[in-house]
Amino acid sequence: MKVLGRLGLDPKRTRSLQTQLSGQLRQLIQAGDLEAGERLPSTRELAHDLQVSRNTIVAAYEMLVGEGYIQPHLRSGFQVCHAAQAFQKLAVSDRIPRERRIEPRQPAAPVPFRPTQPDVRLFSLQIWNRHRTLALKRGTSLLHYQSRFSVGLDELRQNVAAYLRASRGVRCQWQEVAITNGSQQALFLLAHLLLKHGQTVYMEDPGYPGARNAWEQAGAEVVPVPIDEEGLRLPEAQVTKPSLIYVTPSHQFPLGTCMSLARRLNLLQAARTADAWIVEDDYDSEFRYTSPPQPSLQSLDEQRRVIYLGSFSKTLFPTLRLGYVVLPPALVERFAALKSVADDHSPLIDQATLSSFLESGAFYAHLRRCRRHYAERQEHFLQQVSRCGLPLQFPVTGRGMNLAGLLPEGSRDRLWSSRLKAAGLDVPPLSRYAIRPAAPGLLFGLAAFDTRSIQRGVAKMAQVFDMR
Ligand SMILES: Cc1ncc(COP(=O)(O)O)c(C=O)c1O
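Residues numbered from 1 in each chain as written. Predicted model: local features only at pLDDT ≥ 70, side-chain atom pairs only at ≥ 80, totals over all residues. Heavy atoms only, no water.

1. Brief notes about the pairing of strand 6 (residues 221-228)
Looking along a regular strand, one sees side chains alternate from face to face of the sheet. Bridging between strand 5 (residues 200-205) and strand 6 involves six bridges; their strand directions are parallel. Looking at strand 6, one finds that Val201 is bridged to Val222. Judged from the two bridges that link them, strand 6 and strand 7 (residues 231-232) form a sheet pairing that is antiparallel. Across the sheet, Asp228 pairs through a bridge with Gly231, a residue of strand 7. Count of turn residues in the strand 6/strand 7 antiparallel hairpin: two residues. (Pairing = 2+ DSSP bridges. Helix = DSSP H or I, 4+ residues; strand = E, 2+ residues; numbered from the N terminus.)

2. Notes on the sheet that holds strand 3 (residues 77-80)
Across the sheet, which stays open at both edges, the three strands sit in the order 1-3-2 with antiparallel pairing between neighbours. Edge positions in the sheet fall to strand 1 (39-40) and strand 2 (70-73), since each of these pairs with one other strand and no more. Bridge count for strand 2 against strand 3 is four bridges, and the pairing is antiparallel. Counted as the bridge partner of Ile70 is Val80 from strand 3.

3. Details of the pattern of salt bridges
Tallying each qualifying case throughout the model produces 15 salt bridges. Its salt-bridge partner being Asp33, residue Arg6 comes within 3.0 Å of it at the nearest N-O pair. Remark: Asp33 occurs in the loop between helix 1 (17-30) and strand 1 and Arg6 occurs in the segment before helix 1; sequence separation between them is 27 residues. It is possible to trace a salt-bridge network through shared partners that takes in Asp119, Arg121 and Arg377. (Salt bridge = Lys/Arg side-chain N within 4 Å of Asp/Glu carboxyl O.)

4. Considering the pairing of strand 13 (residues 441-445)
For strand 13, the buried fraction is high: five of the five residues fall into the buried class. Going residue by residue along strand 13, you find Gly441, Leu443 and Gly445 tucked away on one face and Leu442 and Phe444 tucked away on the opposite face as well. Here five bridges tie strand 12 (residues 402-406) to strand 13, and the two strands are oriented antiparallel to one another. Residue pairing for strand 13: Ala404 is matched across the bridge by Leu443. (Buried < 20%, exposed > 50% of the residue type's maximum accessible area, 1.4 Å probe, protein only.)

5. Quick look at the sheet that holds strand 7
The eight strands lie next to each other as 4-11-10-9-8-5-6-7, forming an open sheet whose pairing is mixed. Unpaired on one side and paired on the other, strand 4 (177-180) and strand 7 mark the two borders of the sheet. Each of strand 4, strand 8 (244-247), strand 9 (277-281), strand 10 (306-311) and strand 11 (323-326) is contacted by helix 7 (residues 182-194), which is oriented at about 155° to strand 10, the strand it contacts most. (Contact = heavy atoms within 4.5 Å. Axes fitted to C-alpha atoms, helices over the stretch in contact; angles between N-to-C directions.)

6. A short note on the site of the ligand
By nearness alone, 13 residues border the ligand, and Ser183, Asp281, Ser311, Ser313 and Arg321 come closest of all. In this structure, an oxygen atom belonging to the ligand sits 2.9 Å away from a main-chain N or O atom of Gln184. Between Ser313 and the ligand, the recorded distance is 2.6 Å, taken from a side-chain N or O atom to an oxygen atom. Out of a free accessible area of 400 Å², the ligand has 93% covered by protein chains. (Near = heavy atom within 4 Å. Polar contact = N/O pair within 3.5 Å; in protein donor to acceptor, adjacent residues only side chain to side chain. Areas by Shrake-Rupley, 256 points an atom, 1.4 Å probe, with all protein chains shown as cover.)

7. Some thoughts on the nonpolar core
With 39 residues, the main nonpolar core has Val160, Phe312, Leu316 and Tyr324 as its most contacted residues. Counting residues per element, the ones that place at least two in this core are helix 5 (125-136), helix 6 (154-168), strand 4, strand 11, helix 11 (348-360) and helix 12 (362-388). Split by domain, the residues of this core number at least three in each of domain 2 (121-362) and domain 3 (365-466). Core analysis: the next-biggest nonpolar cluster, separate from the first, contains 28 residues, Ala211, Trp215, Leu244 and Val279 among them. (Core = buried A, V, L, I, M, F, W, Y, C linked by side-chain atoms within 4.5 Å. Domains from an automatic or database assignment.)

8. Considerations on the environment of Cys388
If you trace the backbone, Cys388 turns up in helix 12. By relative accessible area, which is 28% here, Cys388 ends up partly exposed. Sequence-distant contacts of Cys388, that is, excluding residues within four places in its chain, are made with Val458 and Ala462.

9. Section: the packing of aromatic side chains
Taken as a whole and assessed by the stated rule, the structure comprises 23 aromatic pairs. A centroid spacing of 6.2 Å and a plane angle of 85° characterise the contact between Phe113 and Phe449, whose relative ring orientation is edge-to-face. With Phe113 in the loop between helix 4 (84-94) and helix 5 and Phe449 in the loop between strand 13 and helix 14 (451-466), the pair connects residues that are 336 residues apart, well separated along the chain. For the pair formed by Phe113 and Phe449, the shared burial category is buried. (Phe/Tyr/Trp six-rings, centres within 6.5 Å; stacked < 30°, edge-to-face > 60°.)

Rendered as structure tokens:
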């Protein structure tokens, strides 16, 4: 069979040998080079010709059997299926020209100083897997559809409620906690639940683009509200009444400001006057290094207008995609109904694992470890920046995973960001987060990078800034 001479496997490629082989055989069938009814060489023969193990050939053949391209023939052989002719017609018309083919991407680790990345290397997968095994030992119930749990496993909601009451002063019953796929999903669902087309959302400016996208996607008009050293500075007179106000009061994204008590009370009063909801995104409140945390805004709210949200993306790892919302009682059922339309529920095995992880205290031990490292990294970064005399000022330090660094007035932060990018650094400009023109600056994520990478990163920055 001459065409099989065209097969070639390369162990250096990222795709496995069996995937390479099944792909090449599939292409030969699709192109009609291997015709319906034609017999393929035995697994032993082909393994010998291609100098690979017989298991590789068996796995590739099995894949093609599953896809309906080939079928077992006689005792131990395989032949091309007659039905594969249909694939030939389809494949010819749908074939993608080589130049338009895009190589599949691989997930990669962030480069310095990409913001909002936790150090996932500090997270013990071994401990996590122990809790996962424990969760699975309880039987197979976690594997069934469990539509009754659209807002999460009750045990996890109870553990999250206990955590939020103790650490953030959140006032809640566990039944008011909903588990979501990260806080991004909570933002999306809240936008659809609370906003009608054309309604107004007040949003911090600069602010979190993921939230802005959610409001705009639901058809709302976003009104930018400036930030000063006390946090959100609401306009004296509200031109358009907001239906919703979005804030990150404990650690403003991206500037890092903590909203003062006076502003918090003012915000609650303004929301009451406008009859608006407040969405409090408490995104990295867990990381305080030099002062005790301020209790949440939700803890001051007598009217239950504040919808509190948070996430395990920063405290554990972002691809876990588990976050939580604390809903005012009036919204609980509607939120649950919408969440079940979106995805039935968030993955239950991860939820059960997380619940056990929280209950055992492993979560708190992990947080303490992260806090220690992140504080050290932030301090190290600031020392390096000042040693190199970089033209950056850091008005808010001592908390959070990111630091906003202000550039001298009149600087073009996008230009500096792209120069840093060319030097292999990922440092977004503050203007990327702003709706109105903002003070120029750069946002540095420090949590995910050890002191050596920070030192190397700052040295690269020094070279870039010397090019002025
Ligand atoms: C302020 C803020 N809110 C929400 C999110 C979304 O987080 P999650 O991963 O939980 O969707 C992020 C992510 O960086 C964030 O910075």
